[in-house]
Amino acid sequence: MASINLSSRDLEAFLALAQAQHFTRAAERCHLSQSAFSQKIARIERVAGVALFARSTRHVTLTPEGELFAEEIRRIQQDLQHALSHLNELATRRVGKVAVAALPSVAAVWMPQVIAGYRAQHPNIRIELFDALAAGGLALLREGRVDLAITAGGDLREFDVQELKCERFHLVCPATHPLARKRSVALADLQGEEIVHLARSSSVRQHLEAAGVTARTGALEVEHLATVAGLVAQGLGVSVVPELTLFHFVRSGLASVPVRDRQLRRPILLARRKGKALSVAARAMEEAIVGVARGRV
């Protein structure tokens with residue numbers, strides 16, 4: 001098939017002649033001399049390979065093929081106008097979608113405020129929130145199911161990452177425990193304590209083990225922080241958890257004490273795919289998350 005090389009100016013000239021049905025008036029409308037305009041129409045017909053106009057001494061009318069061509073051009077123009085209008089709506093955040101994966105603690109503590117503020121400014125943007133552990137959130141980002149992932153570890157070399165917060169850990173224990181009266185504790189103070197652990201797949205557990213806090217044989221290991229809180233409240237052990245998870249332990253009979261060892265910190269990270277531009281809606285969400293995380297909102 002031969003290459004079809006028609007510009008938008010060519011199509012405008014064709015439609016001008018189809019409407020005016022007169023070479024001189026159509027040429028004036030296109031700001032061309034009649035000679036240049038006639039040559040343009042002739043070239044269009046050569047490219048099309050068929051006569052598009054029937055010429056008489058007084059009028060120019062479309063051939064049946066020309067009628068079909070005019071209908072197609074008008075349809076294309078309408079489709080283009082619709083596409084540009086939709087693009088403008090996306091650019092001005094009147095429509096669109098943004099998806100975020102966040103650690104459960106972040107999803108509970110930061111994201112309600114983020115989403116409330118975002119919806120107030122962009123009410124027509126659809127938001128999807130996935131509360132997922134670190135590995136699960138990164139998998140969603142890798143698969144392209146979310147635009148952004150708020151995580152706390154894992155292999156991040158394939159992503160662009162910025163740190164939102166570096167949070168301290170706290171000992172949580174019964175209020176009657178001897179360590180509950182301290183202003184802060186060291187990891188060494190936990191020697192001999194029965195520690196209730198989260199599962200190995202959690203970023204909390206991974207940071208604890210990296211700092212040397214390992215589970216004893218037979219120690220309780222559970223999947224959810226709410227379960228940890230219940231077990232600690234019953235005196236079945238103590239636990240060490242990051243700052244953002246402390247809302248689980250705000251209950252009568254429990255105390256929290258900061259851990260002062262600097263090697264035990266959990267960075268909260270905002271990740272996005274490398275080389276993948278964010279949509280306007282996703283960029284606005286990124287700004288909203290950073291604002292809340294850094295206390296600017």
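The rules we used
Residues numbered from 1 in each chain as written. Predicted model: local features only at pLDDT ≥ 70, side-chain atom pairs only at ≥ 80, totals over all residues. Heavy atoms only, no water. Axes fitted to C-alpha atoms, helices over the stretch in contact; angles between N-to-C directions. Helix = DSSP H or I, 4+ residues; strand = E, 2+ residues; numbered from the N terminus. Parallel < 35°, antiparallel > 145°, perpendicular 65-115°, else oblique. Left-handed = near helix turned anticlockwise from the far one by under 90°. Contact = heavy atoms within 4.5 Å. Nonpolar A, V, L, I, M, F, W, Y, C, P; charged D, E, K, R; others polar. Patch = residues over 30% accessible without salt bridge, like charges linked within 9 Å, V, L, I, M, F, W, Y side chains within 5 Å. Areas by Shrake-Rupley, 256 points an atom, 1.4 Å probe, with all protein chains shown as cover. Salt bridge = Lys/Arg side-chain N within 4 Å of Asp/Glu carboxyl O. Phe/Tyr/Trp six-rings, centres within 6.5 Å; stacked < 30°, edge-to-face > 60°. Buried < 20%, exposed > 50% of the residue type's maximum accessible area, 1.4 Å probe, protein only. Pairing = 2+ DSSP bridges.

Student: Sorry, what's going on with the packing of helix α6 (residues 111–121) against helix α10 (residues 280–293) here?
Tutor: α10 packs onto α6 with a crossing angle of 130 degrees between their chain directions and a minimal axis gap of 9 Å. The orientation of α6 with respect to α10, classified from their angle, is oblique. Pair α6 / α10 crosses with right-handed handedness. Across the interface between the two elements, M111, Q113, V114 and Y118 from α6 touch A281, A284, M285, A288, I289 and V292 from α10. Its residues placed into classes, the contact of α6 with α10 shows nine nonpolar, one polar and no charged.

Student: Explain a nonpolar patch on the surface to me, please; I cannot follow it from the model alone.
Tutor: A surface patch of nonpolar side chains, about 290 Å² in accessible area, is lined by L80, L84 and L87. Looking at where L80 falls in the secondary structure, it is placed in helix α4 (residues 64–91).

Student: Is there a simple way to explain the packing of aromatic side chains in this structure?
Tutor: By convention here, two paired aromatic rings are described through the distance between centres and the angle between planes. Under the definition given, this model contains three aromatic pairs. Ring plane angle 55 degrees and centroid distance 5.2 Å describe the contact between F14 and F53, whose orientation is recorded as tilted. Here F53 lies in strand β1 (residues 53–55) and F14 lies in helix α1 (residues 8–20), a separation of 39 residues in the sequence. Owing to a relative accessible area of 0%, F14 belongs among the buried residues under this scheme. The exposure class assigned to F53 is buried, which follows from its relative accessible area of 4%. Site record: aromatic cluster; members linked through ring pairs are F14, F53 and F69.

Student: For this particular structure, what's the right way to read the pairing of strand β3 (residues 97–102)?
Tutor: Remark: a regular strand shows side chains that alternate across the two faces of the sheet. The buried count for β3 comes to five of six residues, which makes it a mostly enclosed element. Looking at chain direction, β3 and strand β4 (residues 126–131) are connected through six bridges and run parallel. Its bridge partner being in β4, V98 is matched across the sheet by I127. As judged from the three bridges shared by β3 and strand β5 (residues 148–151), these two strands associate in the parallel manner. Paired with A102 across the bridge in β5 is I150.

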